[in-house]
Amino acid sequence: MKIRLTFGALALAAAIPVLASGVFAADAPKVPSGPHPITQDIPAEPMGREVTDDIKKVRNYADQPPLIPHAIRDYQIDLNINKCLTCHDRKNTEGSQAPMISVTHFQDRDGQTLGTVSPRRYFCIQCHVPQTDAKPIVGNSFVDIDKVLGNGALGGGKEGAK
Amino acid sequence: MISCALNLAARVWRVFARPSVHFSLGFLTLGGFLAGVLFWGGFNTALEATNKEAFCISCHEMKNNPYEELKQTIHFTNRSGVRATCPDCHVPHEWTDKIARKMQASKEVWGKIFGTIDTREKFLDKRLELANHEWSRLKANNSLECRNCHSAESMDITRQNPRAAKMHETYLFTGERTCIDCHKGIAHRLPDMNGVQPGWTGTVSAK
């Protein structure tokens with residue numbers, strides 16, 4: 001009897017993670033292609049369209065790497081050429097009228113300022129990314145610093161996602 | 001012996017020179033015309049055959065390098081499903097230009113025989129040189145092949161992204177620059193571009 005009870009308790013304990021994960025699964029983002037039996041074919045959702053209107057997006061905090069507001073399809077970034085720098089490099093901005101890469105990009109990791117873009121900054125899309133019109137699948141409680149300080153009037157008053 | 005041959009020749013000539021009794025003038029004219037069409041057509045077909053992409057990529061040099069790279073780009077796959085093939089960009093469509101280009105292409109047969117680019121490494125080493133030939137050709141003909149599909153006249157810049165519209169307005173429509181000055185590497189990976197300036201640089205203030 002006692003032994004059977006212990007077994008029961010053990011079984012229940014073993015079941016807890018399963019039950020708990022079941023609860024979490026109910027909370028998990030609703031992605032059609034999310035968890036599903038491997039035997040079942042789930043059609044993928046259509047891909048988001050790229051946002052390429054050349055309108056600069058507000059930065060959520062001062063040192064956020066700015067988002068790329070234009071198409072970058074097939075842009076080559078390797079030893080041979082960095083397509084981004086053909087517009088954003090110091091020497092090319094007059095002709096392209098594109099913003100120059102930030103001065104921080106000339107510093108190596110020891111804070112030494114170099115003559116050209118630092119190797120650790122060469123691969124632009126490690127930090128800068130384009131956007132699509134896909135809707136976020138997970139909520140986000142980020143609050144803009146201006147909102148925290150209560151001085152949204154100074155600008156940068158983008159509402160944090162609710 | 002010689003006189004015999006001469007005799008025969010004279011006889012043949014007489015037959016040839018005599019006005020036709022068996023065939024009407026109309027038939028002969030038409031026949032001549034048809035023969036001409038057949039000959040010209042055959043010539044044309046031979047030329048067309050070498051114009052096909054399948055011909056280009058029958059050489060592994062062309063298949064493993066430019067073709068494999070082209071497949072990733074917008075000129076191979078895009079939302080409108082129109083694609084460019086090798087000869088669209090590489091063989092001028094004008095007749096005289098076309099033949100001139102074919103003569104130049106014998107260099108490729110030479111290259112094939114001597115294996116100038118028969119490995120990926122050799123190809124990459126030679127790429128800058130080959131690309132340079134293409135750039136100067138397109139520069140010299142004002143990007144004729146690009147314009148066969150994209151015409152500056154039909155470009156509605158209000159429908160383009162502001163970035164593209166501004167560039168085209170400033171440099172293209174003014175005739176200051178041509179497509180290839182700004183759109184290098186549109187169909188293949190680029191070689192080492194050190195020292196090759198983008199089309200919009202060096203136009204404003206000379207340095």
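Residues numbered from 1 in each chain as written. Chains lettered and ligands numbered in written order. Predicted model: local features only at pLDDT ≥ 70, side-chain atom pairs only at ≥ 80, totals over all residues. Heavy atoms only, no water.

Under an unreviewed UniProt entry, chain B has the name Cytochrome c-type protein and belongs to Azospirillum rugosum. The Sequence similarities (unreviewed entry) field of the UniProt record for chain B holds the comment "Belongs to the NapC/NirT/NrfH family." Its UniProt record gives chain B the following Subcellular location (unreviewed entry) comment, quoted word for word: "Cell membrane". (UniProt positions renumbered as here; feature names shortened; annotations may be inferred.)

As recorded in an unreviewed UniProt entry, chain A goes by the name Periplasmic nitrate reductase, electron transfer subunit, listed as coming from Azospirillum rugosum. Among the UniProt annotations of chain A, the heading Sequence similarities (unreviewed entry) holds the following wording: "Belongs to the NapB family." Of chain A, the UniProt comment under Subunit (unreviewed entry) reads exactly: "Component of the periplasmic nitrate reductase NapAB complex composed of NapA and NapB."

Section: the overall build of chain B
Of regular secondary structure, chain B possesses 10 helices and zero strands. The proportion of buried residues among the 207 residues of chain B is 26%. Within chain B, counting contacts between residues at least 6 apart in sequence, those at least 24 apart form 62% of the total. Accessible surface, chain B: about 14,500 Å² in total, of which carbon and sulfur atoms supply 64%. (Helix = DSSP H or I, 4+ residues; strand = E, 2+ residues; numbered from the N terminus. Buried < 20%, exposed > 50% of the residue type's maximum accessible area, 1.4 Å probe, protein only. Contact = heavy atoms within 4.5 Å. Areas by Shrake-Rupley, 256 points an atom, 1.4 Å probe, with all protein chains shown as cover.)

Structural notes on the layout of surface pockets
One number sums up the size of the second largest pocket: a volume of about 710 Å³. Lining the second largest pocket are 29 residues, with I81 and T86 of chain A together with M193, N194 and V196 of chain B positioned closest to its centre. Sorting the residues of the lining of the second largest pocket by element identifies α2 (85-88) of chain A together with α10 (179-182) of chain B as the ones contributing at least two each. (1 Å grid on protein atoms, 1.4 Å probe; cavity = no way out; pocket = protein on both sides within 12 Å on 5 of 7 lines; lining within 4 Å. Points joined across faces, edges and corners; volume = space filled by probe spheres on them.)

Description of the packing of helix α4 (residues 60-70) of chain B against helix α7 (residues 120-140) of chain B
The description of two packed helices rests on the angle between their axes and on the distance between the axes. Residue and element names in this part refer to chain B. Packing of α4 against α7 leaves a shortest axis separation of 10 Å and a crossing angle of 70 degrees. When the axes of α4 and α7 are compared, the pair comes out roughly perpendicular. Residue-level contacts link N64, N65, P66 and E69 of α4 to R120, F123 and R127 of α7. Of the residues belonging to the contact of α4 with α7, the class tally is two nonpolar, two polar and three charged. (Axes fitted to C-alpha atoms, helices over the stretch in contact; angles between N-to-C directions. Parallel < 35°, antiparallel > 145°, perpendicular 65-115°, else oblique. Nonpolar A, V, L, I, M, F, W, Y, C, P; charged D, E, K, R; others polar.)

Description of the nonpolar core
Of all hydrophobic cores here, the largest spans seven residues; its members are I81 of chain A together with A131, W135, L138, I180, L190 and M193 of chain B. With three residues, the single largest contributor to this core is α7 of chain B. Within the second largest apolar cluster, six residues are counted, among which are M167, Y171, C182 and W200 of chain B. (Core = buried A, V, L, I, M, F, W, Y, C linked by side-chain atoms within 4.5 Å.)

Topic: the side chain of T52 of chain A
Along the chain, T52 of chain A falls in the loop between α1 (2-27) and α2. At 3.5 Å, the side chain of T52 of chain A forms a polar contact with the side chain of N161 of chain B. Once residues within four sequence positions are removed from consideration, T52 of chain A is found in contact with P69, H70 and A71 of chain A together with N161 of chain B. (Polar contact = N/O pair within 3.5 Å; in protein donor to acceptor, adjacent residues only side chain to side chain.)

Some thoughts on the pattern of salt bridges
Residues and elements named next belong to chain B. Under the counting rule described, the total for this entry stands at 13 salt bridges over all chains. We note a salt bridge from E53 to R83, for which the minimum N-O separation is 2.8 Å. Remark: R83 occurs in the loop between α4 and α5 (86-90) and E53 occurs in helix α3 (residues 53-56); sequence separation between them is 30 residues. For R83, a relative accessible area of 30% puts it in the partly exposed group. Measuring nitrogen to oxygen at the nearest pair gives 3.0 Å for the salt bridge that ties R120 to E69. Separated by 51 residues along the polypeptide, R120 in helix α7 and E69 in helix α4 bring together distant segments of the chain. Among the residues examined, E69 registers a relative accessible area of 9% and is labelled buried. In this structure, a network of salt bridges that share partners links the residues E69, R120 and R127. (Salt bridge = Lys/Arg side-chain N within 4 Å of Asp/Glu carboxyl O.)

Regarding the interface of chain B and chain A
Contacts between chain B and chain A engage 24 residues on the former and 21 residues on the latter. For the pairing of chain B and chain A, the buried interface totals around 1,700 Å² over both sides, and the portion due to carbon and sulfur atoms is 42%. R189 of chain B is the partner of D78 of chain A in a salt bridge, and the nearest nitrogen-oxygen pair spans 3.3 Å. Along the contact surface separating chain B from chain A lie 16 residue pairs in polar contact (both at pLDDT 80 or more). Per-element tally for the side of chain B that touches chain A: the top contributor is helix α9 (residues 162-172) of chain B, with five residues. For the side of chain B that touches chain A, a count of residues per class yields 11 nonpolar, eight polar and five charged. (Buried area = accessible area lost by both parts, 1.4 Å probe.)

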